[in-house]
Amino acid sequence: MQYPSAHLPPMVEQIRARFPELADDPVLTQNLVDNVTSMITEAHERYAAGAEDSVVSGAYLDPDHLATGSLHAEQSQHPAGAMLAAEMLFDAYLPVFVDEVGAESTAEVLRATRALHAGIWSRFPAGAVAYTEALRQRVMTAHLDSRTQISRDLHDRVAHGILAGLQRLDLVLLTDPPAGERAVQLDDAARLLRGALGDVQDLAVSLHARVGDALLDDALARHARDLFPDDDRLSFSGTGTPDQLPNWQAEEALTILLEALTNRRKHAPGSAAEVHFAWTPAALVVTVSDDGPGFDSAAAVDGRLGQQTMRERAAVIGARIDVESVESVESGPGTGTTVRLTIPRGTL
């Protein structure tokens, strides 16, 4: 018998209907078709060989299955979704499979059930291992990127500010300028050193930011007030009913959003900005938008505005980051930048 049989396409469509995101991605759609076909083919081979066991173990960690798990991780497809699809396939295809192999006695039906179970579930140890490894790599990359960014901020902002302030003080000591000029230079030194102190305080707040038992929108507003106490051009709004996110999602989301707000102060100082939380049963969409000068997103390097780190962190929690910005000589200031964080809810 050739596979897939005529019964498979309708069942694949049922799975796609349960997971509509597959319909938008031809790679995942083809991967689903190939996997289902492979599962059923393996089940037939196991039944024909007389295999009696349905145990799934480390022996099934073959490269093809590991590659499938990596693909799902790249697309933020949690293994729980694949397990649900497998349950749907097993329930729907079992009577068809029993009929296909001609199982009649109780022993034959049991052997068919075990063969189908093993054919389907042999994929999941490898898929879960690959998904976990992909997430581990993302977390490691995100933390390394964060450390690199902190190091860069300490060097470029804090150390530079301290050095410039000390140079002003040295200039006063070495040249002993008139009283009026001395006052100006000392004021400049104090301003630079206060700025460096402010940068250190900002980094400390960012590193210790936590959601804890609060809602994400409340936690972000609280930390934003700590980071930007004199910023009267930053506002918060929301629609829908706020709700608790899993803590591991909320903490990463807070880090991402604080990074977006910090980037706005770095690259669009003085701009008006709004953070909008849109709560729905399906997803939480947080939009950070400003009316600053913007930048050419098509020409920008991937690391611009910390986008790479933000995307890595978003991928870890199954979320997505979209950055929209346009830099135009004709339009001038006010073009703006929008960072949109989309966190699915209700499903893993």
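(A) Quick look at the overall build of the protein. Along its length, the protein carries 10 helices and five strands. For the protein, with 348 residues in total, the buried portion stands at 42%. Counted over contacts in the protein with a minimum sequence separation of 6, partners at least 24 positions apart contribute 75%. As displayed, the protein has an accessible area near 18,300 Å², and 57% of this comes from carbon and sulfur atoms.

(B) Structural view of the nonpolar core. Judged by nonpolar contacts, the single largest core of 35 residues is most densely connected at Leu216, Phe277 and Leu341. Secondary-structure elements contributing two or more residues to this core are helix H8 (216-227), helix H9 (247-267), strand S2 (273-279), strand S3 (283-290), helix H10 (307-316), strand S4 (320-325) and strand S5 (337-344). When residues of this core are assigned to their parent elements, the largest contribution, eight residues, is made by H9. Those residues within four positions of Leu341 in sequence are excluded, and the remaining contacts are Ala253, Ile256, Leu257, Leu284, Val285, Val286, Ala314, Ala319, Arg320 and Ile321.

(C) The arrangement of the confidence of the model for the protein in detail. Taken as a whole, the protein shows an average pLDDT of 77; of its residues, 72% reach a score of 70 or greater. Counted against residues more than four places away or in other chains, residues 300-305, with its pLDDT under 50, gives 12 contacts. This stretch, residues 328-333, has a pLDDT under 50; its non-local contacts, to residues over four places away or in other chains, come to two contacts.

(D) Expanded view of the pairing of strand S1 (residues 234-239). With six bridges connecting them, S1 and S2 associate as parallel partners. Residue Gly238 lies in a different strand from S2, and its bridge partner there is Phe277. As a crossover connection, the stretch from S1 through H9 into S2 is left-handed.

(E) The packing of H8 against H9, seen in detail. One way to put it is that H8 packs onto H9 with a least axis distance of 10 Å and a crossing angle of 35°. Where H8 crosses over H9, the two elements pack in a sense that is right-handed. Residues Leu216, Ala219, Leu220, His223, Ala224 and Leu227 of H8 touch H9, and the partners they reach there are Ala250, Ala253, Leu254, Leu257, Leu258, Leu261, Thr262 and Arg265. Class assignment for the residues of the contact of H8 with H9 results in 11 nonpolar, two polar and one charged.

(F) Region of the structure containing the packing of H9 against H10. Following both chains from N to C, one finds H9 and H10 inclined at 165°, their axes separated by 9 Å at the closest point. Put simply, H9 runs roughly antiparallel to H10. For the crossing formed where H9 meets H10, the hand is left-handed. In this structure, H9 contributes Trp248, Glu252, Thr255, Ile256, Glu259, Ala260 and Asn263 to the contact, and H10 contributes Met310, Arg313, Ala314 and Val316. A per-class count over the contact of H9 with H10 returns six nonpolar, two polar and three charged.

(G) Expanded view of H9. Over its 21 residues, H9 runs 30 Å from end to end, which matches the ideal 30 Å to within 8%, given 1.5 Å per residue. For H9, a buried count of 15 out of 21 residues is recorded, marking the element as mostly surrounded by other parts of the structure.

(H) Here's a closer look at the environment of Ala272. Structurally, the position occupied by Ala272 is in the loop between H9 and S2. Sequence-distant contacts of Ala272, that is, excluding residues within four places in its chain, are made with Arg233, Arg264, Ser289, Asp290 and Asp291.

(I) Representation of the pairing of S2. The alternating pattern of S2 places Ala273, Val275, Phe277 and Trp279 on a buried face and Glu274, His276 and Ala278 on a face that is not buried. Note: S2 against S3, seven bridges, orientation antiparallel. Bridge pairing links Val275 to Val288 in S3. The turn joining S2 and S3, which pair antiparallel and follow one another in sequence, is formed by three residues.

What counts as what
Residues numbered from 1 in each chain as written. Predicted model: local features only at pLDDT ≥ 70, side-chain atom pairs only at ≥ 80, totals over all residues. Heavy atoms only, no water. Helix = DSSP H or I, 4+ residues; strand = E, 2+ residues; numbered from the N terminus. Buried < 20%, exposed > 50% of the residue type's maximum accessible area, 1.4 Å probe, protein only. Contact = heavy atoms within 4.5 Å. Areas by Shrake-Rupley, 256 points an atom, 1.4 Å probe, with all protein chains shown as cover. Core = buried A, V, L, I, M, F, W, Y, C linked by side-chain atoms within 4.5 Å. pLDDT = per-residue confidence, 0-100. Pairing = 2+ DSSP bridges. Right-handed = clockwise from strand over helix to strand, strands pointing away. Axes fitted to C-alpha atoms, helices over the stretch in contact; angles between N-to-C directions. Left-handed = near helix turned anticlockwise from the far one by under 90°. Nonpolar A, V, L, I, M, F, W, Y, C, P; charged D, E, K, R; others polar. Parallel < 35°, antiparallel > 145°, perpendicular 65-115°, else oblique. Expected span 1.5 Å × (residues − 1).

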